[in-house]
Amino acid sequence: MAKVKHISIDTPDEEALRIIDQDAAVIIDDVIPDAEIDKILNELDPFIKGNLKGADEFTGFQTTRVGALIARSHGCRDLAMHTKINALASQFLEPHCDNYQLHFTSLISIGPGETKQILHRDRGLWGGYISRKIETQFAVVWAATDFTFKNGATQLVPGSHKWDAKREPLEDEIAYAEMKKGSVLIYTGSVLHGGGDNISDEVRSGIFIHYAPGWIRQQENQYLSCPPEIAKELTPELRSLIGYSKGGYVMGFYSDPNHVDGKLESVTPEKIFSDSKDKFTVLASPENLVKGSTKNKS
Ligand SMILES: O=C(O)CCC(=O)C(=O)O
Ligand SMILES: [Fe+2]
């Protein structure tokens, strides 16, 4: 049976990225202690309790999803900013963008009796309009419980990011991302995967925090899930990561509708919080605009 490779937190980035390039998935064992996970589950408890199960076979009739994790959980803010994960995300995504952003957050809990989720490539969420030469998602799953074959560990088909789109996996090409609570599964937007079936009597929970290029539409709308009145509590770095920043020279600027003095006209979103950080100049130079319009014509 196929397997997802396991590495440790001390594995050099180059080796982790080599495995991700080859298999489109890797597991990093024992990244955070159980206590940190328990703190997060505590913070999210009111939302977990009130949550509805999925409405179709894809979302899962025995599966619950809790989003807005940056707004709702301090612990998830730390996970989103984790140094090693961000180092890998930036090296993986930045060949195709000037900066990357947070894209999606969800606590996905697969309950007993759930059936297998259909195998899919997450990049389909952009409608299939983006060339497969460009990788648009770096998915990170923090195990909030153990992930086992029996309780619904994510099914994954290592190497399927390089397959012809129509090829279907044989049973023994499907791996199960078995890992301990506190470990991390990384997979890309192009690999075939799906939630596993849960034939145990326990719930399998994962904290999904995904990243994408700064120029693309985020799956979870961060401006609504973490509006400015909550975003003002975040560090400037995390605010910038979730989208209160520009994704390129002229990508994502804003003008304050109430200001008449010109100070908040065509500025970077960081200005709402009086942050001065801006990786790009306020307006692109003509040279930069021309450069952007001519590179990567393929
Ligand atoms: O819950 C899982 O293991 C995977 C979920 C998933 O891939 C999805 O909902 O897109
Ligand atoms: Fe998925």
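Use the structure listed above.
Residues numbered from 1 in each chain as written. Chains lettered and ligands numbered in written order. Predicted model: local features only at pLDDT ≥ 70, side-chain atom pairs only at ≥ 80, totals over all residues.

## Topic: the overall build of the protein
- Counting its secondary structure elements, the protein contains nine helices and ten strands.
- Across its three principal directions, the C-alpha atoms of the protein cover 60 × 45 × 40 Å.
- Considering only contacts within the protein whose residues lie at least 6 apart along the sequence, 78% involve residues at least 24 apart. (Helix = DSSP H or I, 4+ residues; strand = E, 2+ residues; numbered from the N terminus. Contact = placed C-beta atoms within 7 Å.)

## Regarding the pairing of strand β8 (residues 184-188)
- Within β8, five of the five residues are buried, leaving the element largely enclosed by the surrounding structure.
- Of the two faces of β8, the one carrying Val-184, Ile-186 and Thr-188 and the one carrying Leu-185 and Tyr-187 are both buried.
- Of the strand pairs in this sheet, strand β2 (residues 25-28) and β8 are connected by four bridges, and their pairing is antiparallel. Following the sheet pairing, Ala-25 is matched in β8 by Tyr-187.
- Inspection of the sheet shows strand β5 (residues 138-143) paired to β8 by five bridges, in the antiparallel sense. Its bridge partner being in β8, Phe-138 is matched across the sheet by Thr-188. (Buried ≥ 20, exposed ≤ 12 C-beta atoms within 10 Å, placed from the backbone. Pairing = 2+ DSSP bridges.)

## Some thoughts on the site of ligand 1
- If you check the shell around ligand 1, you find Ile-108, Ile-110, Gln-117, Asp-122, Thr-154, His-193, Gly-194, Gly-195 and Gly-206 and nothing else.
- At the level of secondary structure, the elements contributing two or more residues to the shell around ligand 1 comprise β4 (100-110) and β9 (193-194). (Near = placed C-beta within 6 Å.)

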